[in-house]
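For reference, the chains in residue letters:
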Amino acid sequence: TNLRGLEMLSLAGVGLRDVEGIGALESLRSLRLPHNSINDLTPLATHDSLQVLDVQGNDVEEWDGVEMLGTCPGLYSLDLRRNFIQENAPDFRAIVCYHIPQLKVLDGRHVSHG
């Protein structure tokens, strides 16, 4: 089966631990992976087509992966709610928006680039 033309993928709560290989889905625009066990987002770096990424309720705790999402030129919506990365970052929204300046929606709320 050829999945290269796949534009939307949703795998909620299936125990997914990593996103390695997602980059091969070149046409993927919407990736919804809430309530899994994903902790590393770096394999999504430089994904040209990705526009919407929902990884709420996962185990993301490292800034490296979030920073690398800034290399996804079309990414405009990101949901990181209920991830470890938010717990120790009082300026979480500001930090994410700094590294991913193209964002228009973060955690379900409009981003204002003040």
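Whatever comes next refers back to the structure up there.
What you see is a predicted model; the values in this text were computed from it and never measured.

Novice: Quick one: what's the story with helix H2 (residues 92-99), residue by residue and with numbers?
Specialist: Those residues of H2 not exposed but buried are Phe 92, Val 96 and Cys 97. Buried residues of H2, viewed axially, fall in a sector of 120 degrees; they line one side. Of the residues in H2, the exposed ones pointing more than 90 degrees away from the buried face are Ala 94 and Tyr 98. On its buried face, H2 sits against helix H1 (63-68), strand S4 (77-79) and strand S5 (105-106).

Novice: Account for the sheet that holds S4, with residues named and values stated.
Specialist: With mixed pairing, the 6 strands of this open sheet are ordered in space as S1-S2-S3-S4-S5-S6. Two strands lie at the open edges of the sheet, namely strand S1 (8-10) and strand S6 (109-110), each paired on one side alone. Relative to S6, S5 is paired through 2 bridges, and the arrangement is antiparallel. Note that in S6 the partner of Val 105 across the bridge is His 110.

Novice: Let's hear about the side chain of Asn 58: which residues, and what values?
Specialist: Mapped onto the elements of the fold, Asn 58 is located in the loop between strand S3 (52-54) and H1. Polar side-chain contacts of Asn 58 include one of 3.4 Å to the backbone oxygen of Gln 56. With residues near it in sequence (within four places) discarded, Asn 58 still touches Leu 33, Pro 34, His 35, Asn 36, Ser 37, Ile 38, Arg 82 and Asn 83.

Novice: Before we move on, could you go through the nonpolar core and cite the residues and values that matter?
Specialist: Counting residues in hydrophobic clusters, the biggest one holds 29 residues, and the most contacted among them are Leu 31, Leu 41, Leu 53, Leu 69, Leu 78 and Val 96. Counting residues per element, this core draws most heavily on H2, which supplies 3 residues. Setting aside anything within four residues of it in sequence, one finds Leu 41 in contact with Val 55, Val 60, Gly 65, Val 66, Leu 69 and Leu 80.

About the criteria used
Residues numbered from 1 in each chain as written. Predicted model: local features only at pLDDT ≥ 70, side-chain atom pairs only at ≥ 80, totals over all residues. Heavy atoms only, no water. Buried < 20%, exposed > 50% of the residue type's maximum accessible area, 1.4 Å probe, protein only. Helix = DSSP H or I, 4+ residues; strand = E, 2+ residues; numbered from the N terminus. Arc of directions from axis to C-beta. Contact = heavy atoms within 4.5 Å. Pairing = 2+ DSSP bridges. Polar contact = N/O pair within 3.5 Å; in protein donor to acceptor, adjacent residues only side chain to side chain. Core = buried A, V, L, I, M, F, W, Y, C linked by side-chain atoms within 4.5 Å.

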